[in-house]
Amino acid sequence: MAELPQIETLRHAQAPQRAEKPPSRLARLVNIPFVTIVALLVSYGLLVCWSATSVSEDHNFSRQLMGVAMGLVCMVVVWRFDYRKLGSMTTFFLVVNVVLILSPHIPGLGTDAGMGAKSWIKIGMQVQPGEFAKVTFVLFAASLLARYQGTLDDWREYCKVLGMLLIPFACIMTQPDL
């Protein structure tokens, strides 16, 4: 009677190896599923904007297209930029951000932009500095945590980091009508 192969030898048997093609240069540089999903979402947003503004002549769709084009340019610039260089610049960004957040309190510079809250500044165009605070806060928090390598064991160090993160928060809280 022929002997059956042992289960252990079957478990360790390897499937025949196929020669895999190395990924193309584009596939190494671009996360194709991510870019595809973003393109689909932007296309859907443009379609909704077009269908909502097709009955009126106030040119909102052309403004939306301009925003998409500017977003694509910004995406390529950020994509090509080495983000590790931002780590040493986060304190500078925080100082600039605090100045921008507090600038609507300067007479003549702050405006309500027709929205009620005087949290906008007018420098050629109307800008809400709190929007820059979001990006700056994330970069600053990441930089702080990277300095501590993700571990804050001592409560004094924890309070120090928390105090540094409260600076932009306190500045935002000075704005009226949040």
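Everything numeric here is computed off the predicted structure, so don't read it as measured data.

Participant: Whenever I open this one, the overall build of the protein confuses me. Can you help?
Facilitator: Per the secondary structure count, the protein includes seven helices and three strands. Tracing the protein from N to C terminus, the helices and strands come up as α-α-α-α-α-β-β-β-α-α. Per-residue burial over the protein gives 19% buried out of 178 residues. Partitioning the intrachain contacts of the protein with sequence separation of at least 6 by distance along the chain shows that 47% fall at a separation of at least 24.

Participant: Would you explain the nonpolar core in this entry?
Facilitator: Side chains that are nonpolar tend, in soluble globular proteins, to be buried together. Leu94, Phe140, Ala141, Leu144, Val161 and Leu165 form the largest nonpolar core, which has six residues in total. Of all the elements in the fold, those that place two or more residues in this core are α6 (129-147) and α7 (155-173). Here the element with the most residues in this core is α6; it accounts for three residues. For Leu94, the residues in contact, after removing those within four places along its chain, are Thr136, Phe140 and Pro168.

Participant: Mind showing me how you'd approach the pairing of strand β2 (residues 120-123) here?
Facilitator: Looking down a regular strand, the side chains alternate between one sheet face and the other. With two bridges connecting them, strand β1 (residues 110-111) and β2 associate as antiparallel partners. Counted as the bridge partner of Gly110 is Ile121 from β2. Here β2 pairs with strand β3 (residues 125-127) via three bridges, running antiparallel. In the strand pairing of β3, Ile123 is matched with Met125. Between the antiparallel neighbours β2 and β3 lie one residue, among them Gly124 with a positive phi of about 85°.

Participant: Explanation requested: the packing of helix α5 (residues 90-102) against α6 in the structure shown.
Facilitator: Geometrically, a packed helix pair is captured by the angle between its two axes and the distance between the axes. It is at 9 Å that the axes of α5 and α6 come closest, and there the two elements cross at 150°. Taken together, the axes of α5 and α6 are roughly antiparallel relative to one another. As α5 packs across α6, the resulting crossing turns out to be left-handed. Seen from α5, the contacting residues are Thr90, Thr91, Phe93, Leu94, Asn97, Leu100 and Ile101; seen from α6, they are Pro129, Phe132, Ala133, Thr136, Leu139, Phe140, Ser143 and Arg147. The residue makeup of the contact of α5 with α6, split by class, is nine nonpolar, five polar and one charged.

Participant: Got a minute to help me understand the packing of helix α3 (residues 32-53) against helix α4 (residues 60-80) in this structure?
Facilitator: Two numbers describe how α3 lies on α4: the axes approach to 9 Å, and their chain directions differ by 165°. One element, α3, and the other, α4, form an angle in the roughly antiparallel class. Classified by chirality, the crossing of α4 by α3 is right-handed. Mapping the contact onto sequence places Val42, Leu46, Cys49, Trp50 and Thr53 in α3 and Asn60, Phe61, Gln64, Leu65 and Val68 in α4.

Participant: Help me understand the side chain of Thr90, please; the structure alone is not making it clear to me.
Facilitator: Within the secondary structure, Thr90 sits in helix α5. For Thr90, a relative accessible area of 2% corresponds to the buried category. Not counting residues up to four positions away in its chain, the partners in contact with Thr90 are Leu139, Phe140, Ser143 and Arg147.

Participant: I would appreciate a short explanation of the confidence of the model for the protein in the present structure.
Facilitator: Note: predicted coordinates in regions of low pLDDT should not be interpreted at a detailed level. Overall, the prediction assigns the protein a mean pLDDT of 79, with 81% of residues at 70 or greater. Element-level pLDDT for the protein is lowest in helix α1 (residues 7-11), with a mean of 55, against a maximum mean of 89 in α3.

Participant: Which parts of the structure should I look at to understand α6?
Facilitator: Because each turn of an α-helix spans 3.6 residues, side chains separated by three or four positions end up pointing in the same direction. Between its terminal C-alpha atoms α6 stretches 27 Å, which fits the 27 Å expected from 19 residues at 1.5 Å a residue. Every buried residue of α6 is accounted for by Pro129, Gly130, Ala133, Thr136, Phe140, Ala141, Ser143 and Leu144. Buried residues in α6 make contact with α5, β2, β3 and α7. Immediately beyond the C-terminal end of α6, within one or two residues, lies Gln149, with a positive phi of roughly 50°.

Participant: For this particular structure, what's the right way to read the sheet that holds β3?
Facilitator: Taken together, three strands build an open sheet; the order of strands is β1-β2-β3 and the sheet is antiparallel. Two strands bound the open sheet, and with one partner strand each, they are β1 and β3.

What counts, and at which threshold
- Residues numbered from 1 in each chain as written.
- Predicted model: local features only at pLDDT ≥ 70, side-chain atom pairs only at ≥ 80, totals over all residues.
- Heavy atoms only, no water.
- Helix = DSSP H or I, 4+ residues; strand = E, 2+ residues; numbered from the N terminus.
- Buried < 20%, exposed > 50% of the residue type's maximum accessible area, 1.4 Å probe, protein only.
- Contact = heavy atoms within 4.5 Å.
- Core = buried A, V, L, I, M, F, W, Y, C linked by side-chain atoms within 4.5 Å.
- Pairing = 2+ DSSP bridges.
- Axes fitted to C-alpha atoms, helices over the stretch in contact; angles between N-to-C directions.
- Parallel < 35°, antiparallel > 145°, perpendicular 65-115°, else oblique.
- Left-handed = near helix turned anticlockwise from the far one by under 90°.
- Nonpolar A, V, L, I, M, F, W, Y, C, P; charged D, E, K, R; others polar.
- pLDDT = per-residue confidence, 0-100.
- Expected span 1.5 Å × (residues − 1).

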